[in-house]
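Observations on chain architecture
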Amino acid sequence: MERYQPNPTPLTAADKVELERLKAILERAIADGVLTAEEMAQIKRQIRADGKVTFEELELYRQFVQEKVRQGLLVREII
């Protein structure tokens, strides 16, 4: 499935570093098949860390969390 990104701008080196940090956090958070409230808070903090939310960050979240929840491979903890 192809994603449309309006007005795409190239990622800066800093953006790429932030994206790698987010990816590492996502990988750790979903490793056990359960996404806790604290892990979700950590993901949100990382996405907002640089004061902006990029298409790439949202796409990573979609791939790592939303798709796995939809497929039944990941459960979100309910408080």
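Our subject is the structure listed above.
Here we summarise the structure given alongside this text. The shown structure was predicted, so the numbers you read here are calculated from the model rather than taken from an experiment. (Residues numbered from 1 in each chain as written. Predicted model: local features only at pLDDT ≥ 70, side-chain atom pairs only at ≥ 80, totals over all residues. Heavy atoms only, no water.)

**Remarks on the overall build of the protein chain**
If you tally the helices and strands in the protein chain, you get 3 helices and 2 strands. Element order for the protein chain, N to C, with α for helix and β for strand: α-β-α-α-β. Here the C-alpha coordinates of the protein chain stretch approximately 35 × 30 × 20 Å along the principal axes. Long-range pairs, those at least 24 residues apart, make up 65% of the contacts in the protein chain between residues at least 6 apart in sequence. Element-wise, carbon and sulfur atoms account for 54% of the exposed surface of the protein chain, whose accessible area totals about 5,600 Å². Positive and negative side-chain charges in the protein chain, numbering 13 and 14 respectively, have mean positions lying 1 Å apart. (Helix = DSSP H or I, 4+ residues; strand = E, 2+ residues; numbered from the N terminus. Contact = heavy atoms within 4.5 Å. Areas by Shrake-Rupley, 256 points an atom, 1.4 Å probe, with all protein chains shown as cover. Lys, Arg positive; Asp, Glu negative; His and termini not counted. Charge placed at Lys NZ, Arg CZ, Asp CG, Glu CD.)

**So, the nonpolar core**
The biggest cluster of nonpolar side chains holds 15 residues, and the ones touching the most others in it are L26, L35, I43 and V65. When contributions to this core are tallied by element, the ones reaching two or more residues are α1 (13-30), α2 (37-48) and α3 (55-71). No other element matches α1, which puts 6 residues into this core. In this structure, V65 is in contact with L26, I30, L35 and L74, ignoring residues within four places of it in sequence. (Core = buried A, V, L, I, M, F, W, Y, C linked by side-chain atoms within 4.5 Å. Buried < 20%, exposed > 50% of the residue type's maximum accessible area, 1.4 Å probe, protein only.)

**Here's the deal with α3**
Taking 1.5 Å per residue, 17 residues should reach 24 Å; α3 reaches 22 Å between its end C-alpha atoms and fits that length. Along its length, α3 reaches its greatest deviation from straightness, about 40°, at R62. Residues of α3 that are buried include every one of E56, E57, E59, L60, Y61, R62, F64 and V65, and no others. For α3, the secondary structure elements touched by its buried residues are α1, β1 (34-35), α2 and β2 (75-76). Following α3 by one or two positions, G72 has its phi on the positive side, about 80°. (Expected span 1.5 Å × (residues − 1). Bend = angle between axes of the 7 residues up to and from the residue.)

**Remarks on empty space enclosed by the protein**
One pass over the structure, following the stated rule, counts 1 cavity of 30 Å³ or more. Computed from the structure, the largest cavity encloses a volume of approximately 30 Å³. Along the walls of the largest cavity sit L11, D15, E18, L19, D50, T54 and E57, which together make up its complete lining. When residues of the lining of the largest cavity are assigned to their parent elements, the largest contribution, 3 residues, is made by α1. (1 Å grid on protein atoms, 1.4 Å probe; cavity = no way out; pocket = protein on both sides within 12 Å on 5 of 7 lines; lining within 4 Å. Points joined across faces, edges and corners; volume = space filled by probe spheres on them.)

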